[in-house]
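Listed below, chain by chain, are the residues.
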Amino acid sequence: MHADAFLSFQEVELAFEPGKPAVRDLNLAIESGEILSLVGPSGCGKSTLLRMIAGLERPTAGHLQLDGKSPGARNASLRIGYVFQEPHLLPWRTVRDNIRLPLELQGVSYEEQQAEVDQVLDLIELSPADGDKFPRMLSGGMRMRVSLARALVTRPQVLLMDEPFAALDDVIRQQLNEEVLRIWKEKELTTLFVTHHVPEAVFLSQRVLVMSPGPGTIVESIEIPFRYPRKWELRSTQEFAELTGTVGNVLRENAS
Amino acid sequence: MKAWIAWIFRDLFPPVALFGLVLIAWDVAVWWFAIPPFLLPRPMQILGTFHEEDSRLVWATLVTGQGALGGFGLSLAVGITLGLIFSQSRIIRQSCYPYAIFLQTVPIVAIAPLVVTWFGTGFFSVLLVSFIISLFPIITNATAGLMAVDPGLIDLFRINRATRWQTLFKLRFPNSIPHLVTGAKTSAGLAVVGAIVGEFFVGYGSGQAGLGNLILQTMNQMKTDLLFASVIASASLGVAIFGLVNALGGTLLKRWQQYDANDPLF
């Protein structure tokens, strides 16, 4: 049943050292256009799971398929947008040159790169003047937007976000959460969001997956029934607080 | 304007005044102790020598400058190339890099006589000694810069299926520039030392007319005033070449400045 899904994990295991799996028994099916979050204590393998989807790590056992292909294979031709915990911008390149980097690496023509950058700057609501700045001239929140723009510029099939907003203050984090939802809705972009911040996970997702450590595995999938578009006010409702509490409890029960 | 005046009084005046005092003390000491001029000439005498021998000194400085810049340029080219090779092959790096570090710590000047034995007493030997002495800081700094790439950036390039060449020239090489500038500053100073040492070993009978030759010649002839002038010219050459590399490096590094929220450009 899993194998037909857009993104599927079947009994996936990854051991960096033989006999000591970092993650195991991963079973997961994600439909195209879903948005979901992964929460869990640090070191439980949330990032490892994302890295496997991105092809940065290869499962040592089990099957992992994205759009019918195996990530990391040389001929897989999957387009993956990845937003890291740090913005990871190249300090010697302007914002525009940073955003077009993935296209440049793929050998897209310069004119086409520029056209795509214009579109994505517009999507992410950055002004053309910001495009000519260097990363050092930007605030933390702006750098993260640029990082997001760079992940979106290839029109990815899946957007993977690895605790991207953890270093930002609450107000900016909430702004960016709403931004992510707007882009997800507009592009119908399958999105996986790793966070250790439960309210953020509940706010963003259709489903929250809870992971437990040692070795990491998914212990529960919790449906989040709120309708989109979701706005800031949602976070002060009682239903939101109850769901956050539920997720928090599951997290605590499986923490050790 | 006010800041400018303050700068003159606070930062410029004290060292200049000290320099003047040392010159006066020197002059008085030579007169007081009746030191013969072949041991220590008076400051004004050295200044006079600069005036009399100006064309010879300028020429010698230019010759040595050529050797030093040639050696430095060759070090940059060879050092960066070796760094690029080291960054691409673990085997080559592991077998060669320890020697690069080791040779940086030994007085490589010692091989200058060998160079002269093999390559004769011409300009080429001078350039070669300058090159050998200034090479190792470039190799070690280039290699360090090419290897010290944020693993997250490597991941970014992998996700976007960058080729080995793309990762090398769009990520590793630009990333190494700040390290390279540091290495180049050390190397530039050493290149001047190397050129002068090379000229010492080439000797003054060789037709080479650099500062090293002039220093050797004036020392043997007890022309201490011209010896002093040559030493001062050597120092000026060193400062000039270091200043040039420092200025070029600083301009280049503006782009490489790391994130800084307090940056005045913000």
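Structure shown above.
This text gives an overview of the structure that appears in the document. (Residues numbered from 1 in each chain as written. Chains lettered and ligands numbered in written order. Predicted model: local features only at pLDDT ≥ 70, side-chain atom pairs only at ≥ 80, totals over all residues. Heavy atoms only, no water.)

### Quick look at the overall build of chain B
Quick reminder of the rule: Note on conventions: DSSP H or I runs of at least 4 residues are helices, E runs of at least 2 residues are strands, and numbering of each starts at the N terminus. With C-alpha atoms as the basis for the radius of gyration, the globule rule is written as 2.2 Å multiplied by the number of residues raised to the power 0.38. Between buried and exposed lies partly exposed: a residue is buried under 20% and exposed over 50% of the maximum accessible area for its type, with that area taken using a 1.4 Å probe on protein chains only. Here, residues are in contact when the closest pair of their heavy atoms is within 4.5 Å. Only the protein chains shown count as cover for residues, and all accessible areas are computed by the Shrake-Rupley method using a 1.4 Å probe. In this count, Lys and Arg are taken as positive residues and Asp and Glu as negative ones, while His and the chain termini are left out. A charged residue contributes its charge at one atom only: NZ of Lys, CZ of Arg, CG of Asp or CD of Glu.
Assigned secondary structure in chain B consists of 10 helices and 0 strands. For chain B, the N- to C-terminal ordering of α and β elements is α-α-α-α-α-α-α-α-α-α. Since a compact globule built from 266 residues should have a radius of gyration of about 18 Å, the 23 Å found for chain B marks it as more spread out than a globular shape. Principal-axis analysis of the C-alpha atoms gives chain B an extent of 75 × 60 × 30 Å. Here chain B holds 266 residues, and the buried ones make up 41% of them. Within chain B, counting contacts between residues at least 6 apart in sequence, those at least 24 apart form 74% of the total. In the structure as shown, chain B presents an accessible area of about 14,600 Å², 73% of it carried by carbon and sulfur atoms. Between the centroid of the 15 positive side chains of chain B and the centroid of its 11 negative side chains there is a distance of 16 Å.

### Digging into the packing of aromatic side chains
All names here are of chain A. Keep this limit in mind: Classification of ring pairs rests on two measures: the distance between centres of Phe, Tyr or Trp rings, Trp counted by its six-membered ring, which must be within 6.5 Å, and the angle between planes, read as stacked under 30 degrees, edge-to-face over 60 and tilted in between.
The final tally for this structure, using the stated rule, is 9 aromatic pairs over all chains. On the numbers, 4.6 Å between centres and 55 degrees between planes, the contact of Trp184 with Tyr228 is tilted. Linking Trp184 in helix H7 (residues 170–187) with Tyr228 in the loop between strand E9 (217–223) and helix H9 (238–253), this pair joins segments that are 44 residues apart in sequence. Tyr228 matches Trp184 in its accessibility class, with the two residues each being buried.

Scope: geometric values only; no functional claims are made or implied.
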